[in-house]
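One-letter residues, chain by chain:
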Amino acid sequence: MHELRGIAVSPGVVVGRVYVLDDVRRPVASRTIAAQAIEAEQARFEAAIAASLTELDELRAHAEQKMGTEAADVFAFHQGMLRDRTLIEPIRERIATERISAELAVQERFREVAELFASMPESAFRTKVDDVWDLDHRVLRHLIGEHRREITGAGHDVVVVAAELTPTQTAQFGTDGVVAFATEAGGETSHVAIFARSLSLPAVVGTESIMDIAREGDRIIIDGDEGLVIIRPTDEIVERYHGIAARAAELRARLGELREEPAITTDGERIELLGNIELAGEMHHVIEHGAEGVGLFRTEFLWLTSDHEPSEDEQFEALRAAVEAADGRPVTIRTFDLGADKYTQRRAMMPERNPFLGNRSLRYCLTNLTMFKQHLRAVLRASALGEMKIMFPLVTSLSEFRQAKLIVHEVMEDLEEDGLAFDRRVPLGMMVEVPSAAVMAPVYAGEADFFSIGTNDLIQYTLAVDRTNERVAHLYSAADPAVLRLIKEVVRAGRRSGVPVSCCGEVAGDPVFTMLLIGLGLRTLSATPSRLPFVKRVIRSVDVKSCERLARRVGSLDSERQVSALLRDQARKRFPELFDGRSVDASG
Ligand code: PEP
Ligand code: MG
């Protein structure tokens, strides 16, 4: 039995079987295949080669246009290698004779070639070693990465174990019989973690060495409350975890009874509870968990879950489905937030050195105007079908916000010319998720119809802590006084100018923070729907005065440790049943 500690990112406990999902950057696991699977495995390999060749065609054309033929020749060389039967044929043969997976056969063959090139006396060959590895990664990515190993059919109780997952991979788990996952990389609010919560999959990230310890088919426990992974547990431990899971299900059932009850404090203050969604299909979760609408629709998942660039009509259909399913409830659409860890880097000719500080979010939209306008057309067309608000992600300067609004108005004119319906008075708001926007909130308040505080990014940019990096995860905390001061300032700026303010970061769904957020003046919280019953339970048993008292006490503390200790203590004392005697996290 092995017990590994990681970062708890999505609650719940599960007992299942390990399913190893390989990563292109590390040795792939050794896996034998059944004799009758040989042809299918060879076909997977051929498909990966074909997909790589097509991708190289595009890269070559792009390079030629932007940088001339010399740069394009690099890709021509790569294509030449992939068409070279002396390189490719041994891979096919090995799959058949040694009955190994395509991934392993590819990696071993490319390693041989790289070693051969490295040992050549001619420097012309030695300089090609990096090209060989590059090509290896490309083919493997088609086998493993975006085109993941087929999980469907792997049975039930599948617990995915991976070095790292992309948001795209995680998005597909919902349909694959996956019940939980654990990764080596990742942080509490990485998008992979957010997706896990949306899909209600217990998950632990930042689990060092799990790829070395877990073997395919092992029994495994994922404890998403405690951030614990237990590999090959004893029967006694399994029994204990079955008990914990049963108690958690009981608590969920009890909280479910609050569904129709209003989110109202004991002294009568109404708190608006909204849901965060990534896909239109999640709208039923929003309704099931008693949310009053959608406070954040992460529309970029239209790109992350599609194998092609979604057209205007495809986007419109997804948005229409969401607005219609909302059945009169308001839906806040965030225009696509691509970049950083989402989408653009994997496709980039020249990946950015610091993508979280690079051309992401609204900046990306403003430098890809055709794509942005097409998106806005779809969004605005859907605005005719129900109550909608639109907000822009990661606004970092006033001019950027103004430019975005101007483009919305241009698109409105185009739609009018085309005779297409939309809501001309759709509110245009902004996410406040960088310190520059928080500090300037009083100025933005003159131009924004609403603010939505995105603490997930606000924490990382305030504290300079990458939200996806497990090595600095212990420094990432919403309980940091600097973050709390910024939230307070934004709420105050909104109140002074009559601009509604909500919070849609993960902290909004953490019951440990609920009293504090109310005490800071927030009256609208938007979170992963499954977290809302916990938050509502807190709201319905506190009064605003005690929340404000807590906020004042927190305001007098000067360290994250003190703040999170205080929040944890009061949560444990006031709502012991929410935590079942288990540890209370106050970090995200
Ligand atoms: C945030 O940053 O808090 C947020 C809600 O947006 P995302 O998590 O999608 O970056
Ligand atoms: Mg964000």
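Definitions and limits used
- Residues numbered from 1 in each chain as written.
- Chains lettered and ligands numbered in written order.
- Predicted model: local features only at pLDDT ≥ 70, side-chain atom pairs only at ≥ 80, totals over all residues.
- Heavy atoms only, no water.
- Helix = DSSP H or I, 4+ residues; strand = E, 2+ residues; numbered from the N terminus.
- Buried < 20%, exposed > 50% of the residue type's maximum accessible area, 1.4 Å probe, protein only.
- Contact = heavy atoms within 4.5 Å.
- Areas by Shrake-Rupley, 256 points an atom, 1.4 Å probe, with all protein chains shown as cover.
- Lys, Arg positive; Asp, Glu negative; His and termini not counted.
- Charge placed at Lys NZ, Arg CZ, Asp CG, Glu CD.
- Salt bridge = Lys/Arg side-chain N within 4 Å of Asp/Glu carboxyl O.
- Phe/Tyr/Trp six-rings, centres within 6.5 Å; stacked < 30°, edge-to-face > 60°.
- Lys NZ or Arg CZ within 6 Å of the ring centre and 35° of its normal.
- Near = heavy atom within 4 Å.
- Polar contact = N/O pair within 3.5 Å; in protein donor to acceptor, adjacent residues only side chain to side chain.
- Donors = N, O, S within 2.8 Å, 3.2 Å for Na, K, Ca; no water.
- Pairing = 2+ DSSP bridges.
- Axes fitted to C-alpha atoms, helices over the stretch in contact; angles between N-to-C directions.
- Expected span 1.5 Å × (residues − 1).
- Arc of directions from axis to C-beta.
- Patch = residues over 30% accessible without salt bridge, like charges linked within 9 Å, V, L, I, M, F, W, Y side chains within 5 Å.
- Left-handed = near helix turned anticlockwise from the far one by under 90°.
- Nonpolar A, V, L, I, M, F, W, Y, C, P; charged D, E, K, R; others polar.

## Points about the overall build of the chain
Point 1. Scanning the chain for helices and strands turns up 26 helices and 16 strands.
Point 2. Overall size of the chain, expressed as C-alpha extent along the three principal axes, is 80 × 70 × 45 Å.
Point 3. Expressed as a percentage of the 588 residues in the chain, the buried residues total 56%.
Point 4. Counted over contacts in the chain with a minimum sequence separation of 6, partners at least 24 positions apart contribute 69%.
Point 5. Total accessible area on the chain is roughly 24,600 Å²; 49% of this is exposed by carbon and sulfur atoms.
Point 6. Each charge class in the chain was averaged separately, 71 positive and 92 negative side chains, and the resulting centres sit 6 Å apart.

## Here's the deal with the pattern of salt bridges
Point 1. Inspection of every chain in the model, using the stated rule, returns 37 salt bridges.
Point 2. Between R523 and E269 there is a salt bridge, and its shortest N-O distance comes to 3.0 Å. With R523 in the loop between α22 (511-519) and β16 (524-527) and E269 in the loop between α10 (235-256) and β9 (272-277), this pair connects stretches of sequence that are 254 residues apart.
Point 3. Of the residues examined, E269 reaches a relative accessible area of 31% and is grouped as partly exposed.
Point 4. Taking the shortest distance from any N to any O, the salt bridge between R360 and D457 comes out at 3.3 Å.

## A short note on the packing of aromatic side chains
Point 1. A complete count under the given rule lists six aromatic pairs for this structure.
Point 2. With centroids separated by 6.5 Å and ring planes inclined at 65 degrees, the aromatic side chains of F372 and F392 adopt a geometry described as edge-to-face. Placement of F372 in helix α16 (residues 369-383) and of F392 in strand β12 (residues 388-392) is noted, with a sequence separation of 20 residues between them.
Point 3. Judged by its relative accessible area of 0%, F392 is buried.
Point 4. Grouping aromatic residues by their ring pairs yields a cluster made of W303, F336, F372, F392, F401 and Y444.
Point 5. Here the guanidinium or amino end of K389 rests over the ring plane of F450, the centre of that ring lying 5.4 Å away.
Point 6. Its guanidinium or amino end placed over the ring of F534, R531 lies 4.6 Å from that ring's centre, counting from NZ or CZ.

## Concerning the site of ligand 1
Point 1. Contacts to ligand 1 come from 16 residues, most closely from R298, R334, E433, N456 and R467.
Point 2. In the model, an oxygen atom of ligand 1 is placed 3.0 Å from a nitrogen or oxygen of the D457 main chain.
Point 3. Coverage of ligand 1 by the protein amounts to 100% of the 290 Å² it exposes when considered alone.
Point 4. Mapped by element, the contributors of at least two residues to the shell around ligand 1 are α8 (191-198), β10 (294-298) and α20 (455-463).

## Observations concerning the coordination of the magnesium ion (ligand 2)
A four-donor tetrahedral metal ideally has 109.5 degree angles, and a six-donor octahedral metal ideally has angles of 90 or 180 degrees.
Point 1. Coordination of the magnesium ion (ligand 2) by the protein involves E433 (OE) and D457 (OD), with metal-donor separations of 2.0 to 2.2 Å. Of the two residues, E433 is situated in the loop between β13 (428-432) and α18 (435-439) and D457 in helix α20; the sequence distance between them amounts to 24 residues. Accessibility classification places E433 together with D457 in one group, the buried group.

## What to know about the sheet that holds strand β3 (residues 13-21)
Two orientations exist for strands paired in a sheet by backbone hydrogen bonds: parallel and antiparallel.
Point 1. Within the open sheet, the eight strands sit side by side as β1-β8-β7-β3-β4-β5-β6-β2. Their pairing is mixed. Strand pairing shows two members of the sheet lacking a second neighbour, β1 (2-5) and β2 (7-10), which therefore form its edges. Between one strand and the next, the sheet's axes are offset by a mean angle of 30 degrees, whatever the strand orientation.
Point 2. Here three bridges tie β2 to strand β6 (residues 203-205), and the two strands are oriented antiparallel to one another. Note on β6: the bridge partner recorded for S10 is A203.
Point 3. Against the sheet, α8 engages β2, β5 (178-183) and β6, with an angle of about 50 degrees to β2.

## Concerning the pairing of β3
Point 1. Here β3 lies mainly inside the structure; eight of its nine residues are buried.
Point 2. Of the strand pairs in this sheet, β3 and strand β4 (residues 158-162) are connected by five bridges, and their pairing is parallel. Bridging from a neighbouring strand, V20 pairs with V161 of β4.

## What about helix α17 (residues 398-417)?
Point 1. Along its 20 residues, α17 runs 29 Å from first to last C-alpha, staying within 8% of the 28 Å computed at 1.5 Å per residue.
Point 2. Those residues of α17 lying buried are E400, F401, A404, K405, I407, V408, V411, M412 and L415. In an axial view of α17, the angular spread of the buried residues amounts to 155 degrees, which keeps them on one side of the axis. In α17, the exposed residues that point more than 90 degrees away from the buried face are L406 and E417.

## Thoughts on a nonpolar patch on the surface
Point 1. On the surface, a nonpolar cluster with roughly 260 Å² of combined accessible area is contributed by V439, M440 and V443.
Point 2. Within the secondary structure, M440 is located in the loop between α18 and α19 (441-444).

## Considering the side chain of R138
Point 1. By the secondary structure assignment, R138 is in helix α6 (residues 129-143).
Point 2. A distance of 2.7 Å separates a polar atom in the side chain of R138 from a polar atom in the side chain of E55.
Point 3. The residues touching R138, leaving out its near neighbours within four places in the chain, are S52, E55, L56 and L59.

## Overview of the environment of L557
Point 1. On the secondary structure map, L557 appears in the loop between α24 (544-555) and α25 (560-574).
Point 2. Counting along the chain gives 77 residues from L557 to D480, while the straight-line C-alpha distance between them is 9.7 Å.
Point 3. The residues contacting L557, other than those within four sequence positions of it, are P481, Q562, V563 and L566.

## What about the side chain of D480?
Point 1. Mapped onto the fold, D480 is located in the loop between α20 and α21 (481-497).
Point 2. Here D480 occupies a buried position and makes no salt bridge, while the nearest side chain of opposite charge, R485, is found at 8.2 Å.
Point 3. From its side chain, D480 meets the backbone nitrogen of A482 in a polar contact 2.9 Å long.
Point 4. Ignoring any residue separated from it by four or fewer positions in sequence, one finds D480 in contact with L463 and E560.

## Regarding the packing of α16 against α17
Point 1. Across the interface, α16 lies against α17 with an axial gap of 9 Å and an inter-helix angle of 65 degrees. Considering the relative orientation of α16 and α17, their crossing is right-handed. Where α16 approaches α17, its residues L369, F372, K373, L376, R377, L380 and R381 are matched on the opposing element by I407, V408, E410, V411, M412, D414 and L415.
Point 2. Here the contact of α16 with α17 is composed, by residue class, of nine nonpolar, no polar and five charged.

## Here's the deal with helix α4 (residues 102-119)
Point 1. Spanning 18 residues, α4 covers 26 Å between terminal C-alpha atoms, matching the ideal 26 Å at 1.5 Å per step.
Point 2. Turning to α4, its buried residues number three or more, namely A102, E103, L104, A105, V106, Q107, R109, F110, V113, A114 and F117.

## Description of a positive patch on the surface
Point 1. On the surface, K545, R549, R552 and R574 cluster together into a patch of positive charge.
Point 2. Here R549 is to be found in helix α24.
Point 3. Under the relative-accessibility criterion, R549 is labelled partly exposed at 48%.

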